[in-house]
Amino acid sequence: QVQLAESGGGLVQAGGSLRLSCAASGHTFSHYTTTWFRQAPGMEREFVAAIGWGGVNTYYADSLKGRFTISKDNAKNTVYLQMNSLKPEDTAVYYCAACEGYGCYIVRDAQDAWGKGTLVTVSS
């Protein structure tokens, strides 16, 4: 069993940048796909980005491609989400999750573990 913990959220001005971290403990996530989701007030949880266990394959929501970058440091068991050019509509609680199986990152119910979330607030 793997446990996940997000960090790095906070309040930023529109146009600013923030880097989120997702640290894994317990079972290592060497063979997991790790995914970032976000949930804004009154909205459903949505896919943001994912990275394969080897750190080579990455996937992004179309609307976020070019602004957000996902990366991984296997030695630290940590996945990062670099967020640039932030907009007020990026305001949400950001969660990381882990799953195994091809394409599992896109299926919310397929996730094996979830973090508790970190709040990102972008002001105008």
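Residues numbered from 1 in each chain as written. Predicted model: local features only at pLDDT ≥ 70, side-chain atom pairs only at ≥ 80, totals over all residues. Heavy atoms only, no water.

### Here we look at the sheet that holds strand 8 (residues 78–83)
And step 1. The strand order across the open sheet formed by 4 strands is 1-3-8-7, and the pairing between neighbours is antiparallel. Both edges of this open sheet fall to strand 1 (2–7) and strand 7 (68–73), since each of them pairs with a single strand only. Averaged over all pairs of adjacent strands, the angle between their axes in this sheet comes to 20°, without regard to strand direction.
And step 2. Sheet topology places strand 7 next to strand 8; 6 bridges connect them, and they run antiparallel. Note that in strand 8 the partner of Ser 71 across the bridge is Tyr 80. (Pairing = 2+ DSSP bridges. Helix = DSSP H or I, 4+ residues; strand = E, 2+ residues; numbered from the N terminus. Axes fitted to C-alpha atoms, helices over the stretch in contact; angles between N-to-C directions.)

### Brief notes about the state of the cysteines
And step 1. Considering all chains together, one arrives at 2 disulfides under this definition.
And step 2. One disulfide bridge connects Cys 22 with Cys 96, the sulfur atoms lying 2.1 Å from each other. Between Cys 22 and Cys 96 the sulfur-sulfur dihedral comes to about 70°; the bridge is accordingly right-handed. Residue Cys 22 is located in strand 3 (residues 18–26), and its partner Cys 96 is located in strand 9 (residues 92–99); the two are separated by 74 residues in the primary sequence.
And step 3. Classification of Cys 96 as buried rests on a relative accessible area of 0%.
And step 4. Across the disulfide from Cys 99 sits Cys 104; the S-S distance is 2.0 Å. Here the S-S torsion is close to 80°, and the disulfide linking Cys 99 with Cys 104 is therefore right-handed.
And step 5. What makes Cys 99 buried here is its relative accessible area of 0%.
And step 6. Looking at Cys 104, the relative accessible area reads 6%, which means it is buried. (Disulfide = S-S within 2.5 Å. Buried < 20%, exposed > 50% of the residue type's maximum accessible area, 1.4 Å probe, protein only.)

Coordinates in, geometry out; function isn't part of it.
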